[in-house]
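# What the coordinates show
The primary structure of each chain is shown beneath.
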Amino acid sequence: MQNPHPGLPEIEYIKPASLEEASKFLAAHAGEARPFLGGTDTFVRLRDGAWKDKYLVDVKGLDGTAQVSFDPEKGLTIGAGVAMNRVEAMPEVREHYPLLAEAIRTVASYQLRNRATIVGNICNASPAGDTIGACMLYGGVLKVFGADGVREEPLDTFFKGPGKTNLKPGDIALSLTLPLPPRGHVGRYIKVARNKLGDLAIVGVSVLAYPDATLASGYRFLIALASVAPVPLRVPAAEKVLAEKTIDEATIAEAAQIAMDSCSPIDDVRGSAQYRKLMVRNMTRRALTEVWQKLTQAA
Amino acid sequence: MGYHRITLTVNGVMELVDVPSNMTLLQMLREKLGLTGTKNGCASGECGACTVMLNGEPVNSCMVLAVECDGADVVTVEGLAKNGQLDPLQEAIIETGGVQCGFCTPGILISSRALLNRKPKPTEFEIREAISGNLCRCTGYNRIVEAVKKVAGTE
Amino acid sequence: MAVAEKQQTVIGASVPRLDVREKVTGAAVYADDIQFGPGLLHCRVKRSPIPHGIIKRIDTSKAEKLPGVKVVVTGADFPDRIGLYLKDRHIFARDRVRFIGEPVAAVAAVTEEIAEKALELIEVEYEELPGVFDPVYGASPEAPLLHPELGTYEYPNFIFPKPGTNIANHFKIRKGDTEAAWPQCAAIVEHTFRIPHVQHVPIEPHVAVAKAEENGQVTLWASTQSPFAQRALIAKALHIPESKLRVIAPFVGGGFGCKAGVTMEAIPVAVALKLPGYPIKLRLTREEEFYTNFVRQGLVIKIKVGCDKDGNLLALENTMYWDGGAYTEYGVNVTRAGGYSSTGPYDIPNVKTDSMCVYTNHPVGGAYRGFGMAELHTGIDQAMDMLAEKIGMDRVEFFKKNCIRGGDVLATGMVIHDVGIEDCIDAVARDLNWGVKEKPSGPNKVRGKGIALAWKAPAMPPNAGSSAIVKLNADGTVDVSVGGQEIGQGTFTVMAQIAAETLGVPYENVRVTGPIDTRYSPYEWQTVASRLTWSMGNAVRNAALDARQKVLNVVAEAWQQDPKELDIKNGYVISYRTEDTMPLKDVVVYGIPKPNDQGWIGGPIVGTGSFMPTYVTGLDPETGQGDRAVVHYTTGAQGVDLEVDLETGQITILKAVSAFDVGKAINPELVKQQMEGGMVQGLSSALFEECKLEKGVMRNPSFVDYRIATAIDVPPIMDTFIIEHAQDDGPFGARGIGEHPLVPSIAAVASALHDALGIRITNPPFSAEKVYLALVEAGLAK
Ligand SMILES: Cc1cc2nc3c(=O)[nH]c(=O)nc-3n(C[C@H](O)[C@H](O)[C@H](O)COP(=O)(O)OP(=O)(O)OC[C@H]3O[C@@H](n4cnc5c(N)ncnc54)[C@H](O)[C@@H]3O)c2cc1C
Ligand code: FES
Ligand code: FES
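Keep in mind that what you see is a predicted model, and the values were worked out from it rather than measured.

## A look at the site of ligand 1
The local shell around ligand 1 holds 36 residues, among which P35, T40, D41, T117 and D130 of chain A are the closest. Residues close to ligand 1 are split across chains A and B. One of the backbone N or O atoms of P35 of chain A is found 2.7 Å from an oxygen atom in ligand 1. One of the side-chain nitrogen or oxygen atoms of T117 of chain A is found 2.6 Å away from an oxygen atom of ligand 1. Summarising the interface, the protein chains cover 95% of the accessible area of ligand 1, which totals 980 Å² for the free molecule. Residue assignment for the shell around ligand 1 shows that the elements contributing at least two residues are strand 2 (33–36), helix 2 (42–47), helix 7 (118–124) and strand 10 (172–178) of chain A. Partitioning the shell around ligand 1 into residue classes produces 17 nonpolar, 12 polar and seven charged.

Next up, the structure:
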């Protein structure tokens, strides 16, 4: 039975002066120290006793974590410490990464999104993370500082299980880069939850698509699913059908069915596996249909 | 557990406070500064009763460590009225009847003030969206929405 | 005369709330806001992790040795039982635990963190026993007995426990002959409905602080609806002379019933008795709020109801199994209320009711806005909806044909007073465009409308009383003291209006003094049952009449006139005969000098008044018959217009409409606010709310997974209508409205869902998942 503390348990707050110092401290205190950004996952887990860290290492503001910048060549680089609202409010994000902006607006509440970060959402690696799908479909790559210096972690291979990633003790995610999406792209995020806003996803469906003359269908469709597998899930088999067959109602229905068949949700207090599967099918169909309509309108 | 000495501005007043590592901004306001207008309804970011303005943007003060606020500018419900003159939003919520038990009210006022600051003429959907993280069990919300519309002049 | 003409009635005027400026500026003081200085100790509670078991051993020695811990208490120190109606619980479990979260021990320490650590050091050994997790099973002879001592508990004469079973109260009605009526029915509906436990969810969690002095004085500061009931119950259980326990009750951040009676408040008092001199504070976490304190009981309700070919109701059999939880001290009376109101607001000649309160190993059931009526109506109104369909009648027509009217004899034998329920039905039907099918907003969406009725009587002991003091000040202002609590409903404002009107002073000149303090405030039973406007309102009116008469007597003597020729208008005493006037401030404290320095007349004016209904009679234990079961009923109707997304099952309520007969709206805007807020709470329980209990474990005890309606979930249009058929013994004809607006909501949504989908989904909450899977089952979706 859940019986969280009234407040946060005793912890030490550490604000290191440099990345090296932060990384060394985290590596030396593996299992009892944790980096944090907004803290919106961290504080909740500490309070309810699920996490028992002794040290919280504040990595916001360290080199490269506090800025967000857009470059027409390189795309968008979001510093780890940048709160979701700041990203969502950027005109460049609304113009070039509308799927990300849409996904952000479904997370928690406005005031929570002033603390919550996209990189925190990713590092937390909850299958329900709302912004992860969009970041994956835009081809997001994390920049990580670790014992061996800086490395890149493409999101497609980053997640290992609920709360599990390629990050090792001492690793600090610095920023996320999203390359500029191809011309003519259209996206849609549909979240099924109990309340209309503010709830965690029972199912989340992200779709991104753009014209691609090299494909038989003429379009490239990308699909990511939230809350229906141990990790944020891509559905390559459905994407393949949409690349190879003429896009119409039947093809969309087929792809949606494949999405449903390829996920492996669990029953939990938010929803049953059965409902989740059905919603994956229905919402994938809905998202694909809406995206398809926009693509054809644009064409 | 370590203590940290921080300075910050709260409702325009400079404060110097010693805070333990695990103290939240909410606890500091209530327990160290005696600013009890900001309420604790869940301590986990869900209810919005603890909403305050941090550097001009609303946050759940139960989801911010006090030590993170070194150098920050904080505005609480106590800071909305100026020289005994209520903020128009406070006047409006009185007029529309958007207050019953009043426990959600401080957080609601901060969330909606912040909305009006960033968007003086929000749509009804934007108002509802902006306060969707503030739970109210008494009013049914529509009178709160009316109050924001009134200030925005969009009713 | 000018002064008299300026007087305007403030009854029926929507004056602004008295307490609102404090509330919008953050100045309003709630229990958690009171400052106690450095001596304050923090209390945390060790709770049972199992739903049912015997306590074999408790060892607190390690906890006591932890630095910073001041005291540890267990049930061994507090042998007496406590409870509002049925005294069946201990403050701390002594030999047996009966629900997860039950207090077993408590610690007071210098910080909350240390108190929490001390809890981990308390060792408790249990022997687990089989549990009861369903009330129907619990009522059966096979179920393990949860309270073998039931026969020894104290209870009032209107509660009927069945010792040797898990039935803590069995209320019966036997009226007419249902068996003889069934063959005459042209249509019969039989259905079992299950209504889950829900939680009140005040945004302010429970907080209580207690301090004992060396001289035996004990003070409790609490977020409470019931300062006087808490004083009485806690004093008795802890052997404190009642007048030595003082309860101070500042603003309450929402109650809805969960802050009535006594729950956690006794804990800090018990701890304080062991450690005089220190204020001891207990503040529940949101999670504790969900499962360790009162919840609304679950209900299994089996209904059989029939009508003749013209749709006239002939007979009802209503069997209710209330899931009372581990202790039913308060819940037994919900069962009784469900029993005597078991027909709903329908006129039915033959009635057989069995309303049983059953012990289970679930959280403790208590009062919840509506006091059983929302649960009852979820069953009875849906059954009526089904019956109307079966006999082929329009639901509105069917409701109007069968609803109660003034003079009808109710199932208990009571003759009902004038009620405006028909007007309420008409108002709702008209506003909803009843009978018109609306267009959905897009493909894969369907629309539907539903309507349901409600009635509710104040549920309380027959002799629940109120009192008030009206004190006039030298500046002509008036202080009204009451013992009923402002919990957001606006009662202080309404009391000020009643006092102002009765006395003849401007409303702006009247204050209601808070916080409620049992040492200084006059007695009030509890802030529950939608009874304050009516009962406390009568007391305030009587006190104001008393003060008024005293003023008039003084002035009459000074002016040598008959008091009957005098009046008070707009703060002035006036004479209709001589047109003399005198401002109240010249009379009410210092009196009036006699001519020629020959002494004085009068003195400080204080009026007192009280009210207690004296006419409520007992009901026969076997038949439920008696002259007057309750004081009165407030009735009304509610309708919704909703849309269902056929691809997700998600419901959007587009519009909700309420109409209630409040007798007289003292403050119409406050009445409308109750209707809107109550309706949204009701709709929230229809769409989202449920304590997900599995073998006694609540799986969603936090806002993460116990969702309530937010600003974006509520209907953008809420219309409310006030109907006024005066209450004969209400102040200015008023009766209560606080609880009623949430009573019909679930049934109204269920009815609209059926209208939209053509299938029935009868057990709330109507979550998107439940709706969608029902569509799949019915072959309407894949
Ligand atoms: C009330 C509430 C509602 C919520 N609703 C939603 C919702 O609707 N949708 C949703 O997706 N999420 C939701 N969340 C979860 C949470 O807000 C998000 O996951 C958020 O994006 C986390 O970001 P953060 O910066 O606060 O993370 P933090 O708590 O700071 O960190 C999260 C995790 O990442 C690790 N980490 C942080 N920074 C780094 C780094 N630089 N390098 C390596 N590891 C790091 C931390 O150790 C921790 O394990 C909700 C949370 C709350 C409290
Ligand atoms: S107390 Fe901070 S959100 Fe509830
Ligand atoms: S007014 Fe009571 S919670 Fe909003």
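## Some remarks on the interface of chain C and chain B
Taken together, the contact between chain C and chain B spans 51 residues of the former and 41 residues of the latter. In total, about 3700 Å² of surface goes out of reach between chain C and chain B, with carbon and sulfur atoms giving 55% of it. Looking only at chain C, the three residues that lose the most surface to chain B are V24, I203 and A711 of chain C, adding up to 18% of its buried area. Linking chain C with chain B are seven salt bridges.

## Points about the domain arrangement of chain B
Residue and element names in this part refer to chain B. Looking at chain B, the domain boundaries give domain 1 (3–79) and domain 2 (88–152). Between domain 1 and domain 2, the C-alpha centre-to-centre distance is 21 Å. Contacts between the two partners involve 15 residues from domain 1 and, on the opposite side, 14 residues from domain 2. Summed over both partners, the interface of domain 1 with domain 2 buries about 1100 Å², with 68% contributed by carbon and sulfur atoms. When the area that domain 1 buries against domain 2 is broken down by residue, the three leading residues are T51, M53 and V77, summing to 38%. Between the two partners, domain 1 and domain 2, sit zero salt bridges. With three residues, the single largest contributor to the side of domain 1 that touches domain 2 is strand 3 (residues 51–54). Each residue belonging to the side of domain 1 that touches domain 2 can be placed in one class, and the counts come to seven nonpolar, six polar and two charged.

## Some words on the environment of C138 of chain B
Looking at the element boundaries, C138 of chain B is found in the loop between helix 4 (124–130) and helix 5 (142–152). Residue C138 of chain B is classed as buried on the basis of its relative accessible area of 5%. Distance in space between the C-alpha atoms of C138 of chain B and T154 of chain B is 24 Å, their sequence separation being 16 residues. Once residues lying within four places of it in the same chain are set aside, the contact partners of C138 of chain B are Q100 and C101 of chain B together with F256 and G677 of chain C.

## Structural notes on helix 2 (residues 88–96) of chain B
Quick reminder: α-helices carry 3.6 residues per turn. Residues three or four places apart thus point the same way. Buried within helix 2 of chain B are the following residues: L89, Q90, A92, I93 and T96 of chain B. Projected down its long axis, helix 2 of chain B shows its buried positions confined to an angular sector of 165 degrees, all on one face. Where the residues of helix 2 of chain B are buried, they touch helix 3 (105–118) and helix 5 of chain B together with helix 2 (20–25) of chain C. G97 of chain B lies just past helix 2 of chain B and shows a positive phi near 80 degrees.

## Things to note about the pattern of salt bridges
A complete count under the given rule lists 92 salt bridges over all chains for this structure. Between E239 of chain A and R220 of chain A there is a salt bridge whose closest N-O contact spans 3.8 Å. Pair noted here: E239 of chain A is in helix 9 (residues 236–244) and R220 of chain A is in strand 13 (residues 219–226), with a separation of 19 residues, a long-range link. The residue K149 of chain B makes a salt bridge to E124 of chain B at a minimum N-O spacing of 2.7 Å. Separated by 25 residues along the polypeptide, K149 of chain B in helix 5 and E124 of chain B in helix 4 bring together distant segments of the chain.

## A word on the side chain of T76 of chain B
All names here are of chain B. Within the element layout of this structure, T76 appears in the loop between strand 5 (73–75) and helix 2. Taking relative accessible area as the criterion, T76 reaches 0% and is therefore assigned buried. A distance of 2.7 Å separates polar atoms of two side chains, one belonging to T76 and the other to E78. Excluding residues that lie within four positions of it along the chain, T76 makes contacts with V10, N11, L29, T38, V52 and I110.

## Remarks on the environment of W600 of chain C
All names here are of chain C. Following the sequence through the fold, W600 ends up in strand 27 (residues 600–601). For the pair W600 and P443, spaced 157 residues apart in sequence, the C-alpha separation works out to 84 Å. Discounting residues that sit within four places of it in the chain, W600 has contacts with Y590, G591, I592, P593 and K594.

## So, the interface of chain A and chain B
At the junction of the two partners, chain A supplies 27 residues and chain B supplies 30 residues. Linking chain A to chain B there are two salt bridges. Taken together, the connections running from chain A to chain B amount to 15 residue pairs in polar contact (both at pLDDT 80 or more). Going through the elements one at a time, strand 1 (12–14), helix 2, strand 3 (55–58) and helix 6 (110–113) of chain A are the ones with two or more residues in the side of chain A that touches chain B. In terms of residue class, the side of chain A that touches chain B is made up of 13 nonpolar, seven polar and seven charged.

## Re the sheet that holds strand 13 (residues 245–249) of chain C
Hydrogen bonds between backbone atoms are what pair the strands of a sheet, whose relative direction is either parallel or antiparallel. Residues and elements named next belong to chain C. Read across the sheet, eight strands follow the order 3-7-1-14-11-12-13-22 without closing on themselves; strand pairing throughout is mixed. Two strands bound the open sheet, and with one partner strand each, they are strand 3 (69–74) and strand 22 (516–517). Summarising the sheet, strand 1 (residues 41–47) and strand 7 (residues 103–109) pair through six bridges and their orientation is antiparallel. Residue R44 lies in a different strand from strand 7, and its bridge partner there is V107. In the packing of helix 4 (residues 112–121) onto the sheet, contacts are made with strand 1, strand 3 and strand 7, and the angle to strand 1 comes to roughly 25 degrees. Relative to the sheet, helix 8 (residues 266–274) contacts strand 1, strand 3, strand 7, strand 11 (207–212), strand 12 (218–222) and strand 14 (280–283), its axis offset from that of strand 11 by approximately 25 degrees.

## Digging into the domain arrangement of chain C
Residue and element names in this part refer to chain C. Structurally, chain C comprises domain 1 (20–29 + 464–611), domain 2 (34–129 + 206–283) and domain 3 (298–460 + 618–777). The centre of domain 1, based on its C-alpha atoms, is set 39 Å off from the matching centre of domain 3. Every contact between the two is made by 22 residues of domain 1 and, on the other side, 23 residues of domain 3. Between domain 1 and domain 3, a total of about 1600 Å² is buried, with carbon and sulfur atoms accounting for 67% of that surface.

## Things to note about the sheet that holds strand 20 (residues 478–482) of chain C
All names here are of chain C. The strand order across the open sheet formed by four strands is 21-20-19-28, and the pairing between neighbours is mixed. Edge positions in the sheet fall to strand 21 (510–512) and strand 28 (606–611), since each of these pairs with one other strand and no more. In this sheet, neighbouring strand axes are inclined to one another by 20 degrees on average, regardless of whether the strands run parallel or antiparallel. Pairing of strand 19 (residues 466–472) with strand 28 involves six bridges; the strand directions are antiparallel. Counterpart to A468 in the pairing with strand 28 is G609. Those strands touched by helix 14 (residues 491–503) are strand 19, strand 20 and strand 21, and its axis lies near 140 degrees from that of strand 21.

## Focus: the nonpolar core
Within soluble globular proteins, side chains that are nonpolar generally end up buried alongside one another. F398, L472 and V551 of chain C are the most contacted members of the largest nonpolar core, which has 192 residues in total. The element contributing the most residues to this core is helix 15 (residues 532–559) of chain C, with 14 residues. Setting aside residues up to four positions removed in sequence, V551 of chain C forms contacts with L472, I568, V573, L584, V587, V588 and I605 of chain C. In terms of nonpolar packing, the next biggest core, distinct from the first, is built from 123 residues, A49 and L80 of chain B together with V680 and I746 of chain C among them.

## Some remarks on the pairing of strand 11 (residues 186–192) of chain A
Residue and element names in this part refer to chain A. Counting buried positions along strand 11 gives six out of seven residues, so the element sits mostly inside the fold. Where strand 11 and strand 12 (residues 203–211) come together, seven bridges link them in antiparallel fashion. Each bridged residue has a counterpart across the sheet, and for G187 the counterpart in strand 12 is L208.

## With respect to unusual backbone geometry
Peptide bonds are trans in most cases, and residues, glycine excluded, mostly fall at negative phi. All names here are of chain C. Residues G514 and P515 are joined by a peptide bond in cis, for which omega reads -5 degrees. By the secondary structure assignment, P515 is in the loop between strand 21 and strand 22. You will see that N433, though not glycine, has its phi angle at about 55 degrees, which is positive. Owing to a relative accessible area of 44%, N433 belongs among the partly exposed residues under this scheme. Its identity as a non-glycine residue notwithstanding, N444 has a phi of 65 degrees, on the positive side. On the secondary structure map, N444 appears in the loop between helix 13 (421–431) and strand 18 (445–456).

Rules used in this analysis
- Residues numbered from 1 in each chain as written.
- Chains lettered and ligands numbered in written order.
- Predicted model: local features only at pLDDT ≥ 70, side-chain atom pairs only at ≥ 80, totals over all residues.
- Heavy atoms only, no water.
- Near = heavy atom within 4 Å.
- Polar contact = N/O pair within 3.5 Å; in protein donor to acceptor, adjacent residues only side chain to side chain.
- Areas by Shrake-Rupley, 256 points an atom, 1.4 Å probe, with all protein chains shown as cover.
- Helix = DSSP H or I, 4+ residues; strand = E, 2+ residues; numbered from the N terminus.
- Nonpolar A, V, L, I, M, F, W, Y, C, P; charged D, E, K, R; others polar.
- Contact = heavy atoms within 4.5 Å.
- Buried area = accessible area lost by both parts, 1.4 Å probe.
- Salt bridge = Lys/Arg side-chain N within 4 Å of Asp/Glu carboxyl O.
- Domains from an automatic or database assignment.
- Buried < 20%, exposed > 50% of the residue type's maximum accessible area, 1.4 Å probe, protein only.
- Arc of directions from axis to C-beta.
- Pairing = 2+ DSSP bridges.
- Axes fitted to C-alpha atoms, helices over the stretch in contact; angles between N-to-C directions.
- Core = buried A, V, L, I, M, F, W, Y, C linked by side-chain atoms within 4.5 Å.

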